[in-house]
Amino acid sequence: PSITRGVTKELSIVTWDDIGGLKDLKRKLQQAVEWPIKHANSFARLGISPIRGVLLHGPPGCSKTTLAKAAAHAAQASFFSLSGAELYSKYVGEGEALLRRTFQKARLAAPSVLFFDEADAIAPKRHGGNSSGNVTVGERLLSTLLTEMDGLELATGIIVLAATNRPHAIDAALLRPGRFDLVLYVPPPDAEGRREILRIHTRKMKLGTDVDLDLMAERTDLFTGADLQGLCREAGMAALREDIAADAVYDRHFQIARASLRPSLTRSMVE
Ligand code: ATP
């Protein structure tokens, strides 16, 4: 992927099959992102205007970014990503300029998926009339984003996805009709989801016959997808530490890895 000043444009190579669990969510994203791009004629025939924005929220490490990439790939759309925190940290005016430029690039490269990570930094809640009368960086970024999104009416083949771990910190203006019309919660994986995630991240590993991924899924309550990916890598490293010429990764290596790792989630985050 080519990276230019905070914008990443790539033809994403993540597929739906690289994401474990979340069946329902994948189906909703297929309909919201893939269909309007792949079946634009059907939408036109029935006079349906596709949604412009999808907001994904949920705890970190549970595949919000990966879902956005998979949706772009499935739609054969270009993928542009911007980090809210990065935009926020730029010099006065630079963040807005980058935001506008990215929308412009996405229009030229359409069909495109534009992904905003840490969206709460781009569109923080406005606290009605600040006393100094100064417009804050967040307010300027937000109004630029709203202008650009409202302008998408004329453009076709551009869908904006945004992700946040803090949906309550997002300005309500973003959720008005015509903007982020679809709000989807991306939950942490349950035992079945964890089983699928473990399968995915061991697909390319040489596993000993004693490895029981089902049992490992049961024993990784509160692990995120990212945690599980780390667990698989760590099991592989344990095998190599034991013997750099190891032929496979065995159950004992997964046990060692499990004992050395703590889950990222807490009970209060999943209930
Ligand atoms: P953040 O909020 O921290 O940006 P995120 O929700 O966007 O996190 P991702 O960046 O998509 O999460 O996921 C982090 C890593 O965890 C990815 O490399 C991905 O491979 C892995 N992962 C997370 N969830 C899953 C899943 N359901 N299936 C397979 N891999 C997953």
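Bear in mind the structure is a predicted one, so any value in this text is a computation, not a measurement.

### A closer look at unusual backbone geometry
Now for step 1: Looking along the chain, the bond that leaves alanine 110 and enters proline 111 is cis, with omega of 5 degrees.
Now for step 2: Counting through the fold element by element, proline 111 comes out in the loop between helix 5 (94-108) and strand 5 (112-117).
Now for step 3: If you check the backbone angles, serine 63 has positive phi at about 85 degrees while not being a glycine.
Now for step 4: Considering the arrangement of structural elements, one finds serine 63 in the loop between strand 3 (53-57) and helix 3 (64-74).

### Overview of the confidence of the model for the protein chain
If pLDDT is low for a region, its predicted coordinates should not be looked at in detail.
Now for step 1: Looking at the protein chain, the pLDDT average stands at 89 and 91% of residues meet or exceed 70.
Now for step 2: When mean pLDDT is compared element by element in the protein chain, helix 10 (residues 225-242) scores highest at 98, while strand 1 (residues 2-4) scores lowest at 43.
Now for step 3: This model gives residues 1-5 a pLDDT under 50, and the stretch forms 10 contacts once residues within four places in sequence are excluded.

### Notes on the nonpolar core
Now for step 1: Residues Leu29, Val33, Leu67 and Leu161 are the most contacted members of the largest nonpolar core, which totals 27 residues.
Now for step 2: When contributions to this core are tallied by element, the ones reaching two or more residues are helix 1 (23-38), strand 3, helix 3, strand 5 and strand 6 (158-164).
Now for step 3: It is helix 3 that contributes the most residues to this core, 6 residues altogether.
Now for step 4: Excluding anything up to four places from it in sequence, leucine 29 contacts Trp16, Glu34, Val54, Leu56, Leu67 and Leu184.

### Here we look at a nonpolar patch on the surface
Now for step 1: Together, Met237, Leu240 and Ile244 make up a nonpolar patch on the protein surface, roughly 300 Å² of accessible area in all.
Now for step 2: Tracing the backbone through its elements, the reader meets isoleucine 244 in the loop between helix 10 and helix 11 (251-260).
Now for step 3: On the basis of relative accessibility, which here comes to 71%, the residue isoleucine 244 falls in the exposed class.

### Focus: the site of the ligand
Now for step 1: By nearness alone, 17 residues border the ligand, and Gly20, Gly61, Thr65, Thr66 and His201 come closest of all.
Now for step 2: In this structure, glycine 20 approaches the ligand through a main-chain N or O atom, which is 2.9 Å from a nitrogen atom.
Now for step 3: Protein coverage of the free-state accessible area of the ligand, which is 630 Å², stands at 79%.
Now for step 4: Of the residues in the shell around the ligand, the class split is 5 nonpolar, 9 polar and 3 charged.

So, how was this worked out
- Residues numbered from 1 in each chain as written.
- Predicted model: local features only at pLDDT ≥ 70, side-chain atom pairs only at ≥ 80, totals over all residues.
- Heavy atoms only, no water.
- Helix = DSSP H or I, 4+ residues; strand = E, 2+ residues; numbered from the N terminus.
- pLDDT = per-residue confidence, 0-100.
- Contact = heavy atoms within 4.5 Å.
- Core = buried A, V, L, I, M, F, W, Y, C linked by side-chain atoms within 4.5 Å.
- Buried < 20%, exposed > 50% of the residue type's maximum accessible area, 1.4 Å probe, protein only.
- Patch = residues over 30% accessible without salt bridge, like charges linked within 9 Å, V, L, I, M, F, W, Y side chains within 5 Å.
- Areas by Shrake-Rupley, 256 points an atom, 1.4 Å probe, with all protein chains shown as cover.
- Salt bridge = Lys/Arg side-chain N within 4 Å of Asp/Glu carboxyl O.
- Near = heavy atom within 4 Å.
- Polar contact = N/O pair within 3.5 Å; in protein donor to acceptor, adjacent residues only side chain to side chain.
- Nonpolar A, V, L, I, M, F, W, Y, C, P; charged D, E, K, R; others polar.

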